[in-house]
Amino acid sequence: MSKAQYEGYTDQAATKLVREKFGDTNVYAQNAKSILTKASGFIAAYDFTINPYRGCQYGCSYCYAAAFSPNNKMRHDWGKWVIFKENSADILEKELENWYRKNPHLSPKIYMSSVTDPYQPLESKLQLTRRLLEVMLPYRPVLVIQTRSPIITRDIDYLQRFQHLRINMSIPSGSEVVRKDFEPRSPSIKARFNAIYKIKHSIDSLKGFVPKLSVTITPLLPTLPTDESDFIQKLAIADRVVIQDFHPSDQRSLVASTRQEAKEIKNKYAWWYDSKHFGYLQFKEKLVSQLPGIEIKEGKAGFTYE
Ligand code: SF4
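What you are looking at is a predicted structure, and each value in this text was computed from that prediction instead of being measured.

Thresholds applied
- Residues numbered from 1 in each chain as written.
- Predicted model: local features only at pLDDT ≥ 70, side-chain atom pairs only at ≥ 80, totals over all residues.
- Heavy atoms only, no water.
- Near = heavy atom within 4 Å.
- Nonpolar A, V, L, I, M, F, W, Y, C, P; charged D, E, K, R; others polar.
- Core = buried A, V, L, I, M, F, W, Y, C linked by side-chain atoms within 4.5 Å.
- Buried < 20%, exposed > 50% of the residue type's maximum accessible area, 1.4 Å probe, protein only.
- Helix = DSSP H or I, 4+ residues; strand = E, 2+ residues; numbered from the N terminus.
- Pairing = 2+ DSSP bridges.
- Axes fitted to C-alpha atoms, helices over the stretch in contact; angles between N-to-C directions.
- Contact = heavy atoms within 4.5 Å.
- Phe/Tyr/Trp six-rings, centres within 6.5 Å; stacked < 30°, edge-to-face > 60°.
- Lys NZ or Arg CZ within 6 Å of the ring centre and 35° of its normal.
- Expected span 1.5 Å × (residues − 1).
- Arc of directions from axis to C-beta.
- Salt bridge = Lys/Arg side-chain N within 4 Å of Asp/Glu carboxyl O.

### With respect to the site of the ligand
- Surveying the vicinity of the ligand reveals the residues Cys56, Tyr58, Gly59, Cys60, Cys63, Trp78, Thr116, Asp117 and Arg148.
- A per-class count over the shell around the ligand returns 5 nonpolar, 2 polar and 2 charged.

Spelled out as structure tokens, the structure:
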């Protein structure tokens, strides 16, 4: 089958046309052949990943998923296009039925999402992720949702019905100025903490299941000295905090995919990464000493459901 050509990103005749503009995002519709993808890499402990979208409007400078763009032009324009998988709810239903035929007593472990944010702004309109939750509910999966978006609070009515749910809220820095440098299109840090607060305090444990809550600081971005103590105190809202160094400099393929843009922003903060008072190890020690009772995990170990 010939490769899809996306309008605005090809010199050939486009096979995928811009369905609409959402802000400055080109939105394309596509039917997926499958929606449950076998999990691997840092989330190999799961059976599947689900990505309702390809591409991500947040367009974070350090995002490794940009490497999986359909072509170089789209990789360069990461954040300004999204392909939504129009049939994903129907396909998911079939794939979950198939799973239970083969594993009648085993709940699938699902990680949503590995290469997109399931609650990016477009989700407020399309409600694709919401439909997937609806389909998943009767199948009782073990589910982890990874997001940096307060839009997730829209779905509290469904979230509280999952018996085995962990929500990973991504907050890689406690400083707005740093966030705006590395991920200028993403929600504010305050909005993300407010979302966790809302989820935690609006689910009544007598009527629903309170999800496990993690804050993922991955990759670790600098937090300015003036914001550090406040940030660490706010992290106490979670039951787990996960840290991971900024794309460690070995030769793994995802590291090779770190975009120049992110490397340059990181250089601006070399003073923080190289300082004997800040940087990865020092930040980790501060978390351990100032957050007793909260699980502090590193890298892959932090992405498990348990
Ligand atoms: S929100 Fe996640 S998937 Fe989206 S650009 Fe940022 S890091 Fe990548």
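### Description of the nonpolar core
- Ranked by size, the top nonpolar core spans 77 residues in total, and within it Leu133 and Met136 carry the most contacts.
- A per-element tally of this core places helix α2 (residues 88-102) first, with 6 residues.

### Comments concerning the sheet that holds strand β11 (residues 240-243)
- On the basis of which strands lie adjacent, the open sheet formed by 8 strands has the order β3-β4-β7-β8-β9-β10-β11-β12 and mixed pairing. The sheet is open, and its two borders are formed by β3 (36-38) and β12 (295-298), each paired with just one other strand. Each strand axis lies, on average, 25° off the axis of its neighbour in the sheet, ignoring direction.
- Sheet topology note: the strand β8 (residues 142-147)/strand β9 (residues 164-170) ladder contains 6 bridges and is parallel. Residue pairing in the sheet places Gln146 in a bridge with Asn168 of β9.
- Packed onto the sheet, helix α7 (residues 189-202) meets β9 and β10 (212-217) and runs at close to 160° relative to β9.
- Relative to the sheet, helix α12 (residues 279-290) contacts β10, β11 and β12, its axis offset from that of β11 by approximately 170°.

### Details of helix α4 (residues 128-136)
- The buried fraction of α4 is high, at 7 of 9 residues.
- Those residues of α4 lying buried are Leu128, Thr129, Arg130, Leu132, Leu133, Val135 and Met136.

### Describing the packing of aromatic side chains
- Following the criterion strictly, the structure yields 18 aromatic pairs and no others.
- Between Tyr6 and Tyr28, the aromatic rings sit 5.1 Å apart at their centres with planes inclined by 75°, giving edge-to-face as the arrangement. With a gap of 22 residues between them, Tyr6 in the segment before β1 (20-22) and Tyr28 in strand β2 (residues 25-30) connect regions that are remote in the sequence. Here Tyr6 matches Tyr28 in class, with each residue buried.
- For the ring pair Phe246 and Tyr273, a centre distance of 6.2 Å and an interplane angle of 80° mean the geometry is edge-to-face. Taken as a pair, Phe246 in the loop between β11 and α9 (253-256) and Tyr273 in helix α11 (residues 270-273) lie far apart in primary sequence, 27 residues in all. Both residues of the pair, Phe246 and Tyr273, count as buried.
- One aromatic cluster is present, formed by Tyr62, Phe182, Phe246, Tyr269, Trp271, Trp272, Tyr273 and Phe278 through successive ring pairs.
- Geometry around Tyr158 places Arg130 over its ring, the cationic atom sitting 4.1 Å from the centre.
- When the ring centre of Tyr305 is taken as reference, the NZ or CZ atom of Lys212 above it lies at 5.2 Å.

### With respect to α2
- For α2, which comprises 15 residues, the first-to-last C-alpha distance of 21 Å matches the rise-based estimate of 21 Å (1.5 Å per residue) to within 8%.
- For α2, every residue scored as buried is listed here: Ser88, Ala89, Ile91, Leu92, Glu95, Leu96, Trp99 and Tyr100. Down the axis of α2, the buried side of the element spans an arc of 165°, and every buried residue falls inside it. In α2, the exposed positions that point more than 90 degrees away from the buried face belong to Asp90, Lys94 and Arg101.
- Check the buried side of α2 and you find it contacts β3, β4 (48-50), β6 (81-85), β7 (109-112) and α4.

### Side note on the pairing of β2
- Among the 6 residues in β2, 5 count as buried, and that is most of the element.
- The sheet contact formed by β1 and β2 spans 3 bridges and is antiparallel. Directly across from Glu20, in β2, lies its bridge partner Val27.
- The hairpin formed by β1 and β2 contains 2 residues between the paired strands, and Gly23 there has a positive phi angle of roughly 65°.
- In terms of strand pairing, β2 meets β6 through 5 bridges, oriented parallel. Across the sheet, residue Gln30 finds its bridge partner in β6, namely Lys85.

### As for the pattern of salt bridges
- Under the defined criterion, the tally for this structure stands at 20 salt bridges.
- Among the ionic pairs, Lys286 bridges to Glu228, the shortest N-O distance being 3.0 Å. Separated by 58 residues along the polypeptide, Lys286 in helix α12 and Glu228 in helix α8 (residues 225-234) bring together distant segments of the chain. Assigned by exposure class, Lys286 and Glu228 land together as buried.
- When salt bridges that share partners are traced, they join Glu123, Arg130, Arg154, Asp155 and Asp157 into one network.

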